[in-house]
Amino acid sequence: MKSSVSLRNVYNDVKNTLLGQFPEAELEARELLQAALGVSRQDILLGREREVSREQLDGLGALVRRRMEREPLQYLLGEWDFYGRTFAVGEGVLIPRADTETLAERAISFLRGKSAPRVLELCAGSGCLSVTVALECPEAQVWAVEKSPAAWDYFCRNNRAYGDQVRGVLGDALADIPILPVDFDLIISNPPYLTAEEMADLQPEVTKEPAMALDGGEDGLDFYRGLTARYAGRLRPGGMLAYEIGMGQEKKVCKILKESGLQNICQTPDLHGIIRVVSAENKFSRPGGELE
Ligand code: GLN
């Protein structure tokens, strides 16, 4: 049974509950009302009367309680936007972050003008990066590897929702994956990169995300070492390897790339001027001659 409620009152109740703990209480309250009651942003902003059921109000109450326990808003909503598209998320998968759009941009601009390039994403999580690249660069053939079965489920859902443009592989990026092609024009990854110290001091919300997607070992660099050792030799002539990195990791990751023999090492800042992406290229054509 439905009854008419004032969204102004419901919104104010939720906002006031969240206010003490969350700096973005207004945005969060609005998002939770939209998700639980199926009302529009406009309805909420205008404080309209709307018909809602008891179950919907109970559902909203449950979401607010979970949020007060610091479950990430994105998990409660079940989706989050990345590069202008919506991706399914939930427990077991890393939430897409705006920071990662820097790597998406870098990948897309690198691929511009290339004919039928082969792209590989390692540690793909929700698939937000590989799906974005596949859709923005329809010429590209894109593969993506993810190890966690829970994240893989989200990857498959997201890939399917956008037309199954990516060839997904459930597997460990740090082990052999025989079904992948031998070489690629572009290899990208946003691997786990937090240090042991950072892992011990996570925000409450981040502790609800999979440690497997965050934990980069003692110095945070395990995956940069492991992936570079395994994949630097699998770039086609002129191909590029590009990583998202954590704040302040650029020197060390550039060194790892340099020592692997790749060239044209390049650092890309995000909108705040923080270096977010480090990339390197294979400037040599096989069997050993220089391209330029
Ligand atoms: N950017 C994430 C964070 O700071 C870390 C993601 C990752 O390790 N790739 O929580």
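First, a word on scope: everything that follows refers to the structure included in this document. These numbers were taken from a predicted model, which means no experiment stands behind them. For every chain, the first residue of its written sequence is number 1, and the numbers climb from 1 along that sequence. Reporting in this predicted model follows two pLDDT cut-offs: at least 70 for local features of residues, and 80 or more for side-chain atom pairs to be given and counted; totals over whole chains, interfaces and linings ignore these cut-offs and use all residues. Side-chain figures throughout are based on the complete set of non-hydrogen atoms in the structure, without hydrogens or water.

1. Some words on the overall build of the protein chain
Working step 1: Strands are runs of DSSP state E lasting at least 2 residues, helices are runs of H or I lasting at least 4, and numbering of each runs from the N terminus. Looking only at helices and strands, the protein chain has 12 helices and 13 strands in total.
Working step 2: C-alpha extents for the protein chain along the principal axes are approximately 75 × 40 × 35 Å.
Working step 3: Only protein chains enter the calculation, and the probe is 1.4 Å; a residue is then buried if its accessible area is under 20% of its type maximum, exposed if over 50%, and partly exposed in between. Here the protein chain holds 292 residues, and 51% of them are scored as buried.
Working step 4: Contact between two residues is taken to exist if any of their heavy atoms lie within 4.5 Å; hydrogens are not considered. When contacts within the protein chain are restricted to residue pairs at least 6 apart in sequence, those whose partners lie at least 24 apart make up 64%.
Working step 5: Counting every atom, the protein chain has about 14300 Å² of accessible surface; 48% of that belongs to carbon and sulfur. Under the convention used here, a 1.4 Å probe and the Shrake-Rupley method define accessible areas, while residue burial counts only the protein chains that appear.

2. Observations concerning a negative patch on the surface
Working step 1: For patch detection, residues must exceed 30% relative accessible area and be free of salt bridges, and they are connected within 9 Å for like charges or within 5 Å for nonpolar side chains (Val, Leu, Ile, Met, Phe, Trp, Tyr). Note on definitions: salt bridges are taken to be side-chain nitrogens of Lys or Arg within 4 Å of carboxyl oxygens of Asp or Glu. Charge assignment: positive for Lys and Arg, negative for Asp and Glu; neither His nor the chain ends contribute. Note that the charge is assigned to NZ on lysines, CZ on arginines, CG on aspartates and CD on glutamates. On the surface, a cluster of negative charge is made up of Glu197, Glu198, Asp201 and Glu218.
Working step 2: Topologically, Glu218 is positioned in the loop between helix 10 (204-207) and helix 11 (222-231).

3. Some remarks on the packing of aromatic side chains
Working step 1: For this analysis, a ring pair means two rings from Phe, Tyr or Trp (six-membered ring only for Trp) whose centres lie within 6.5 Å, classed as stacked if their planes differ by under 30 degrees, edge-to-face if by over 60, and tilted for the remaining angles. Applying the stated criterion across every chain yields a total of six aromatic pairs.
Working step 2: Between Phe87 and Tyr162 the ring centres are 5.5 Å apart and the planes differ by 45°, which places this aromatic pair in the tilted class. Taken together, the positions of Phe87 in strand 4 (residues 85-88) and Tyr162 in the loop between helix 8 (149-161) and strand 7 (166-170) put the pair 75 residues apart, joining distant regions of the chain.
Working step 3: With a relative accessible area of 24%, Tyr162 lands in the partly exposed category.
Working step 4: Ring centres 5.0 Å apart and planes at 75° place the aromatic pair Tyr224 and Tyr243 in the edge-to-face group. Highlighted residues: Tyr224 in helix 11 and Tyr243 in strand 9 (residues 235-244), separated in sequence by 19 residues. Each member of the pair, Tyr224 as well as Tyr243, carries the same accessibility label: buried.
Working step 5: Every member of this aromatic cluster is reached through a ring pair, and the members are Phe82, Tyr83, Phe87 and Tyr162.
Working step 6: In this scheme, the term charge over a ring applies when either NZ of a lysine or CZ of an arginine sits within 6 Å of the ring centre and within 35 degrees of the ring normal. Taking NZ or CZ as reference, Lys114 lies 4.1 Å from the ring centre of Phe110, over its face.

4. Some points on helix 1 (residues 7-19)
Working step 1: Here, expected helix span is obtained from the residue count minus one, scaled by 1.5 Å. Over its 13 residues, helix 1 extends 17 Å from the first C-alpha to the last, a length consistent with the 18 Å expected when each residue adds 1.5 Å.
Working step 2: Each element contacted by the buried residues of helix 1 is listed here: strand 1 (2-6), helix 2 (25-37), helix 3 (41-45), strand 2 (49-53) and helix 4 (54-68).

5. Observations regarding the pairing of strand 5 (residues 118-122)
A regular strand carries its side chains on alternate faces of the sheet.
Working step 1: Of all five residues that make up strand 5, four are buried, and the element is covered over most of its length.
Working step 2: What makes two strands pair is DSSP finding at least two bridges between them. Note: strand 5 against strand 6 (residues 141-146), five bridges, orientation parallel. Considered in strand 6, the bridge of Leu120 is made with Trp143.
Working step 3: The β-α-β motif built from strand 5, the intervening helix 7 (residues 128-136) and the parallel element strand 6 has right-handed crossover chirality.
Working step 4: As defined by bridge partners, strand 5 adjoins strand 8 (residues 184-189) across four bridges and the pair is classed as parallel. Note that in strand 8 the partner of Leu120 across the bridge is Ile187. Crossovers are marked right-handed if the path from the first strand over the helix to the second runs clockwise, as seen with the strands pointing away from the viewer.

6. A short note on the nonpolar core
Soluble globular proteins: nonpolar side chains tend toward being buried together.
Working step 1: The criterion is simple. A nonpolar core is a set of buried Ala, Val, Leu, Ile, Met, Phe, Trp, Tyr and Cys residues joined through side-chain atoms within 4.5 Å. By size, the foremost hydrophobic cluster in this structure holds 34 residues, and its most contacted members are Leu120 and Leu180.
Working step 2: Those elements that provide at least two residues to this core are strand 5, strand 6, strand 8, helix 11, strand 9, helix 12 (250-259) and strand 11 (275-281).
Working step 3: Leave out the neighbours within four places in its chain, and Leu180 touches Leu120, Trp143, Val145, Val169, Tyr231 and Arg234.
Working step 4: Counting 27 residues, the second-largest nonpolar core is a separate cluster that includes Phe87, Cys137, Val142 and Trp152.

Read these as spatial facts, not as claims about activity.
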